[in-house]
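# Inside the fold
Okay, here's what each chain looks like letter by letter:
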Amino acid sequence: MEFVLLGFADKPHLQWFLFGLFLIIYIIILMSNGTIFLIRKMDPVLQSPVYFFLANFSFLEICYVSATLPRMLMNIGTQRRRISLVACATQMCFVLIFGGTECLLLAVMAYDRYVAICNPLHYPLVMNQRVCIQLVTGSWTIGIPVMRGQTYQVFSLPFCGSNQINHFFCDISPILKLACGDTFVNQMLVYIVSVLFVMVPFLLILASYSKIISIILKLPSATSQAKTFSTCSSHLMVVVLFFGSAIITYLRPNSRHSEETDKMLSLFYTILTPMFNPIIYSLRYNEVVMALRKLLYK
């Protein structure tokens, strides 16, 4: 069985413009996130936990966007939009795994900022190398069996009628619309997994930042408050960008799902956010800018 990924087929006059635009975006994502990953490896200054997490986050962004953009570019370039059931299931599985990992890793990065600001004297002890590796490994692996199970549940359904997916990648909601029979159980599983991997990390991040903000407000001067807040403001901006679009997409009532809105929101958290992340972090972390300058002037 094959599906057809419609993507942006409803805009035939913009196909080559979209191809060029998304190709440029993909190159920017690979180069910017790849640069952050490499300079962290090469520069001895960037060996603290915050940069260890940032390097892992940059590598994750490359993986995440590579699960969707190459296929979309191929579809636009060749106008052959067919995708086999196995390829569709594989793409969905990887998108879900990388998306879940991103939620967990952002929560880990919030915890790192919480320890650094609220318990600075214990920071080297609490966030030692062993703990950092365990937190990152857990973020990458916890979601794998859950997301594989979620994918299996979706593609165990019988499909009949239309095989056209009104999306640019194999996402759960548009595929469930093609399934025959009752999909209530699958919809409930989507909400349960979304709560566990989106809402729970988001609430943990909110709890961390409520503590961080309460500590910052107790600092004696506005200068020290601004300086302390600047160490976590970049992470907070990324959290708002990613979780805002993901929560609207996966946790709003099914009756309010609009296919065009879903596509725009998916573009935001799968493609645009990974492009903006390196820019946001580079502007906020002077060490990253300095390391990049050293690399360029070698």
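So, here is what we can say about the structure in this document. (Residues numbered from 1 in each chain as written. Predicted model: local features only at pLDDT ≥ 70, side-chain atom pairs only at ≥ 80, totals over all residues. Heavy atoms only, no water.)

With that settled, consider the packing of helix 4 (residues 85–118) against helix 6 (residues 129–141). Across the interface, helix 4 lies against helix 6 with an axial gap of 7 Å and an inter-helix angle of 155 degrees. The angle between the axes of helix 4 and helix 6 places the two elements in the roughly antiparallel class. In this structure, helix 4 crosses over helix 6, and the sense of that crossing is right-handed. Across from F98, T101, L104, L105, V108 and Y111 in helix 4, the residues of helix 6 making contact are L135, V136, S139 and W140. (Axes fitted to C-alpha atoms, helices over the stretch in contact; angles between N-to-C directions. Helix = DSSP H or I, 4+ residues; strand = E, 2+ residues; numbered from the N terminus. Parallel < 35°, antiparallel > 145°, perpendicular 65-115°, else oblique. Left-handed = near helix turned anticlockwise from the far one by under 90°. Contact = heavy atoms within 4.5 Å.)

Here the structure, examined in full by the defined rule, presents 2 disulfides. Here C88 pairs with C170 through a disulfide, and the sulfurs are 2.0 Å apart. Linking C88 and C170, the disulfide has an S-S dihedral of approximately -120 degrees and is accordingly described as left-handed. Here C88, found in helix 4, pairs with C170, found in the loop between strand 3 (164–165) and helix 8 (172–176); they are 82 residues apart in sequence, far enough to count as distant. No difference in accessibility class separates C88 from C170, as the two residues are buried. (Disulfide = S-S within 2.5 Å. Buried < 20%, exposed > 50% of the residue type's maximum accessible area, 1.4 Å probe, protein only.)

Another point: the pattern of salt bridges. Across all of its chains, the model carries 3 salt bridges by this definition. Salt-bridge contacts for E2 lead to R82; the nearest nitrogen and oxygen are separated by 3.7 Å. With a gap of 80 residues between them, E2 in strand 1 (residues 2–5) and R82 in strand 2 (residues 82–84) connect regions that are remote in the sequence. Take E2: its relative accessible area is 33%, and that puts it in the partly exposed class. By relative accessible area, R82 is classed as partly exposed at 38%. One salt bridge in this structure joins D112 and R113, with 3.0 Å as the shortest N-O distance. With respect to class, D112 is no different from R113; both count as buried. (Salt bridge = Lys/Arg side-chain N within 4 Å of Asp/Glu carboxyl O.)

Okay, the packing of helix 9 (residues 184–217) against helix 10 (residues 222–251) next. Contact geometry for helix 9 and helix 10: axes closest at 11 Å, N-to-C directions at 160 degrees. The angle between the axes of helix 9 and helix 10 places the two elements in the roughly antiparallel class. For helix 9 against helix 10, the interelement crossing comes out left-handed. Counting all contacts with helix 9, which are made through Y191, S194, V195, V198, M199, P201, F202, I205, Y209, I212, I216 and L217, the residues of helix 10 involved are Q225, T228, F229, C232, H235, L236, V239, F243, I247, Y250 and L251. Residue composition of the contact of helix 9 with helix 10, grouped by class: 19 nonpolar, 4 polar and no charged. (Nonpolar A, V, L, I, M, F, W, Y, C, P; charged D, E, K, R; others polar.)

Here we take up empty space enclosed by the protein. On inspection of all chains with the given rule, the structure shows 5 cavities of 30 Å³ or more. By volume, the largest cavity is sized at about 220 Å³. As for the largest cavity, its lining consists of 18 residues, and the residues nearest its centre are L96, G99, G100, V198 and Y250. Breaking the lining of the largest cavity down by element, the ones donating at least two residues are helix 4, helix 7 (143–155), helix 9 and helix 10. When the residues that make up the lining of the largest cavity are grouped by side-chain class, the tally is 14 nonpolar, 4 polar and no charged. (1 Å grid on protein atoms, 1.4 Å probe; cavity = no way out; pocket = protein on both sides within 12 Å on 5 of 7 lines; lining within 4 Å. Points joined across faces, edges and corners; volume = space filled by probe spheres on them.)

Let's shift gears to unusual backbone geometry. A positive phi angle, near 60 degrees, is found at Q79, a position not held by glycine. Topologically, Q79 is positioned in the loop between helix 3 (69–78) and strand 2. When its relative accessible area of 43% is taken as the criterion, Q79 is described as partly exposed.

A few words on the nonpolar core. Grouped together as the largest cluster of nonpolar side chains are 88 residues, with contacts concentrated most on F22, L106, F155, I175 and I271. For this core, the element with the most residues is helix 4, which contributes 20 residues. Residue contacts for I271: discarding those within four places in its chain leaves I25, I29, V65, L69, M72, F168 and S266. (Core = buried A, V, L, I, M, F, W, Y, C linked by side-chain atoms within 4.5 Å.)

As a further point, take helix 3. Within helix 3, burial applies to L69, M72, L73, N75 and I76. The buried residues of helix 3 occupy one face: seen down the axis, they fall within an arc of 160 degrees. (Arc of directions from axis to C-beta.)

Another aspect to go through is the environment of T78. Counting through the fold element by element, T78 comes out in helix 3. Looking at T78, its side chain comes within polar contact range of the main-chain oxygen of M74, at 2.7 Å. (Polar contact = N/O pair within 3.5 Å; in protein donor to acceptor, adjacent residues only side chain to side chain.)

It is worth spelling out the sheet that holds strand 2 at this point. Read from one edge of the open sheet, 3 strands run 2-1-3, paired in mixed fashion. Looking at which strands have only one partner, the edges of the open sheet turn out to be strand 2 and strand 3. Alignment of strand 1 against strand 3, held across 2 bridges, turns out to be parallel. Looking across to strand 3, one finds that V4 is bridged to Q164. (Pairing = 2+ DSSP bridges.)

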